[in-house]
Amino acid sequence: MIAGDPCQGGATWAVLQYLLGLRELGHDVHFIEPIAANKLQPHGASLSQSTNAEYFRHVVQAFDLESRAALLVAGTRDTEGRSYDSLRTLAARADLLINISGMLTDPALIEPIPVRVYLDLDPGFNQLWHTAEGLDVGFDGHTHFVTIGPALCEPNCAIPTCGRRWIATLQPVVLSEWPPAESLTRDAFTTVANWRGYGSITYKSVFYGQKAHAWREFMTLPDKTPEQFVVALAIHPKETRDLEQLAAHGWTLVDPARVSGTPGSYRAFVRGSKGEIGVAKSGYAAARCGWFSDRSACYLACGRPVVAQETGFSRFLPTGEGLFAFETEDDALAGIDAIGRDYPRQSRAARALAEAYFDSSKVLPQLLDRIGADA
């Protein structure tokens, strides 16, 4: 999503990395985002007058995508950007659809495309909602299935495959958009997060929860180090107990809408930080699916070291320089201490890791090759 839940710069970048990365490789890339009519803001607004459309226009203009993007009210022909008829013409000649979480469901825009890829950016949850809850997460109608949870491709993973053969990929980062940063705006470890998301689930007696459930285990971390922690945290004001605990233990909260509400402000927040302290959804940690945040990949690209909660990603990415995995507070403190002892070295290692593993000019061709080989 870009405009479905507007003014979330990080979520916008998760989509832009694919659009801009494929464009840099020379592909003719177009973007269609469906949005339910009841998601238009403010309630009752028409598409053209909605906050969603305003944000959509801002993003596509900023990245020179105006003629290659459309915001579509689901179940209608009403669009912002490209017309519905032009989208049908586009679908008739397209080679490949990359359908993020199966969000695009219009048969006229899907069925003509010969290779239809379901891109799973929420590994573990999509599969569990489908298996345990019987929810339609949009699997049907696709020819290929791609996930950023690499462990889902392994036979001993506890997460069901839902009868699909999954192709693993890492998150791409367009390095030209995320060059190494220089001076710090905040001498602090930061992150951008939603305290609660959606869809916690229990499967075979294992609870797969949200970020709130994981964060509480590390609440006292700032008490144990002189480093500062600044979090752009979307948390409801009624979460009083958690807010009190966060404040009591030294977590500084800033308004995510103010510091990361656009792609530009989000990038500036990441680049201006000393590094990232990344707490995962408890579901990712429990699943051991190997999920690694696109946000963390952006920190690495900027030369900002990352201390991230273990989700099994250390089996697929090198850790110990530039990137540190933690399962306990002591693990996190060790990573933070290592970064502080030789920050220039850790900064260089972070950038080198991004160049080796997340560079869109490497990740995306590899992905396309795997899709082609599986055709």
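Heads up: these notes are all about the structure in this document. What you see is a predicted model, and the numbers here were worked out from it, not measured in a lab.

## Comments concerning the overall build of the protein
Broken down by element type, the protein carries 14 helices and 15 strands. Its C-alpha radius of gyration of 20 Å places the protein within 12% of the 21 Å reference for a compact globule of 375 residues. With the C-alpha coordinates of the protein rotated into their principal frame, the extents come out at 60 × 45 × 40 Å. Out of the 375 residues belonging to the protein, those deemed buried represent 55%. Counted over contacts in the protein with a minimum sequence separation of 6, partners at least 24 positions apart contribute 68%. On the protein, the mean spot of the 34 positive side-chain charges and the mean spot of the 43 negative ones are 0 Å from each other.

## Regarding the pattern of salt bridges
What the rule picks out here adds up to 19 salt bridges. For D140, the salt bridge goes to R164, with nearest N and O atoms at 3.2 Å. Of this pair, D140 sits in the loop between helix 5 (125-132) and strand 6 (144-147) while R164 sits in the loop between strand 6 and strand 7 (166-168), placing them 24 residues apart in sequence. R315 is paired through a salt bridge with E154; the nearest N and O atoms lie 2.6 Å apart. In this pair, R315 sits in the loop between strand 14 (306-309) and strand 15 (323-326) while E154 sits in the loop between strand 6 and strand 7, placing the two residues 161 residues apart along the sequence. Shared partners join several salt bridges into a network, and the residues in it are D28, R68 and R93.

## A closer look at the sheet that holds strand 11 (residues 229-234)
Taken in spatial order, the 6 strands line up as 12-11-8-13-14-15 in an open sheet, and their pairing is parallel. Edge positions in the sheet fall to strand 12 (251-254) and strand 15, since each of these pairs with one other strand and no more. Neighbour to neighbour, the strand axes of the sheet diverge by 25 degrees on average, direction disregarded. Bridge count for strand 8 (residues 189-194) against strand 11 is 6 bridges, and the pairing is parallel. Across the sheet, residue V192 finds its bridge partner in strand 11, namely A232. Across the sheet, helix 12 (residues 329-341) touches strand 8, strand 11, strand 14 and strand 15, and the angle it forms with strand 15 is around 165 degrees.

## Looking at the sheet that holds strand 4 (residues 96-100)
The strand order 4-5-6-7 describes an open sheet built from 4 strands, whose pairing is parallel. The two strands at the open ends of the sheet, each matched to only one other strand, are strand 4 and strand 7. Strand-to-strand twist of the sheet, defined as the mean angle between neighbouring strand axes without regard to direction, takes the value 30 degrees. In the sheet, strand 4 pairs with strand 5 (residues 115-120) via 5 bridges, with the strands oriented parallel.

## Notes on the side chain of R295
Here R295 lies in helix 11 (residues 294-301). A distance of 3.3 Å separates a polar atom in the side chain of R295 from the backbone oxygen of V192. In this structure the side chain of R295 is engaged in a polar contact, spanning 2.4 Å, whose partner is the side chain of E276. When sequence neighbours within four positions are dropped, the list of residues in contact with R295 reads T191, V192, K211, Y266 and E276.

## A word on the nonpolar core
The biggest cluster of nonpolar side chains holds 84 residues, and the ones touching the most others in it are W178 and L300. The element contributing the most residues to this core is helix 1 (residues 9-24), with 7 residues. The residues contacting W178, other than those within four sequence positions of it, are W13, Q17, V173, Y266, R267, V270, R271, C298, A301, C302 and R351. Formed by 26 residues, the second largest nonpolar core is a distinct cluster that contains A212, W215, W251 and V307.

## Some words on the side chain of S273
Within the secondary structure, S273 sits in the loop between helix 9 (263-271) and strand 13 (275-278). The exposure class of S273 is buried, given its relative accessible area of 0%. A distance of 2.6 Å separates a polar side-chain atom of S273 from the backbone oxygen of F269. Sequence-distant contacts of S273, that is, excluding residues within four places in its chain, are made with L184, R186, A188, T190, Y299, R304 and Y343.

## Considerations on the packing of aromatic side chains
Taken as a whole, this structure holds 21 aromatic pairs when the rule is applied. Aromatic pair Y118 and F139: ring centres 4.9 Å apart, planes at 70 degrees, arrangement edge-to-face. Of the two residues, Y118 is situated in strand 5 and F139 in the loop between helix 5 and strand 6; the sequence distance between them amounts to 21 residues. For Y118, a relative accessible area of 0% gives the class buried. For the ring pair F125 and Y284, a centre distance of 5.5 Å and an interplane angle of 80 degrees mean the geometry is edge-to-face. Of this pair, F125 sits in helix 5 while Y284 sits in helix 10 (residues 282-287), and the two are 159 residues apart along the sequence. Each member of the pair F125 and Y284 is classed as buried. Of the aromatic side chains, those joined through ring pairs into one cluster are F125, W129, Y198, Y284 and W291. One residue, K281, lies across the ring of F125, its end atom 4.9 Å from the ring centre. Positioned above the aromatic ring of Y198 is the side chain of K281, whose terminal nitrogen or guanidinium carbon lies 5.1 Å from the ring centre.

The rules we used
Residues numbered from 1 in each chain as written. Predicted model: local features only at pLDDT ≥ 70, side-chain atom pairs only at ≥ 80, totals over all residues. Heavy atoms only, no water. Helix = DSSP H or I, 4+ residues; strand = E, 2+ residues; numbered from the N terminus. Rg over C-alpha atoms; globule rule 2.2 N^0.38 Å. Buried < 20%, exposed > 50% of the residue type's maximum accessible area, 1.4 Å probe, protein only. Contact = heavy atoms within 4.5 Å. Lys, Arg positive; Asp, Glu negative; His and termini not counted. Charge placed at Lys NZ, Arg CZ, Asp CG, Glu CD. Salt bridge = Lys/Arg side-chain N within 4 Å of Asp/Glu carboxyl O. Pairing = 2+ DSSP bridges. Axes fitted to C-alpha atoms, helices over the stretch in contact; angles between N-to-C directions. Polar contact = N/O pair within 3.5 Å; in protein donor to acceptor, adjacent residues only side chain to side chain. Core = buried A, V, L, I, M, F, W, Y, C linked by side-chain atoms within 4.5 Å. Phe/Tyr/Trp six-rings, centres within 6.5 Å; stacked < 30°, edge-to-face > 60°. Lys NZ or Arg CZ within 6 Å of the ring centre and 35° of its normal.

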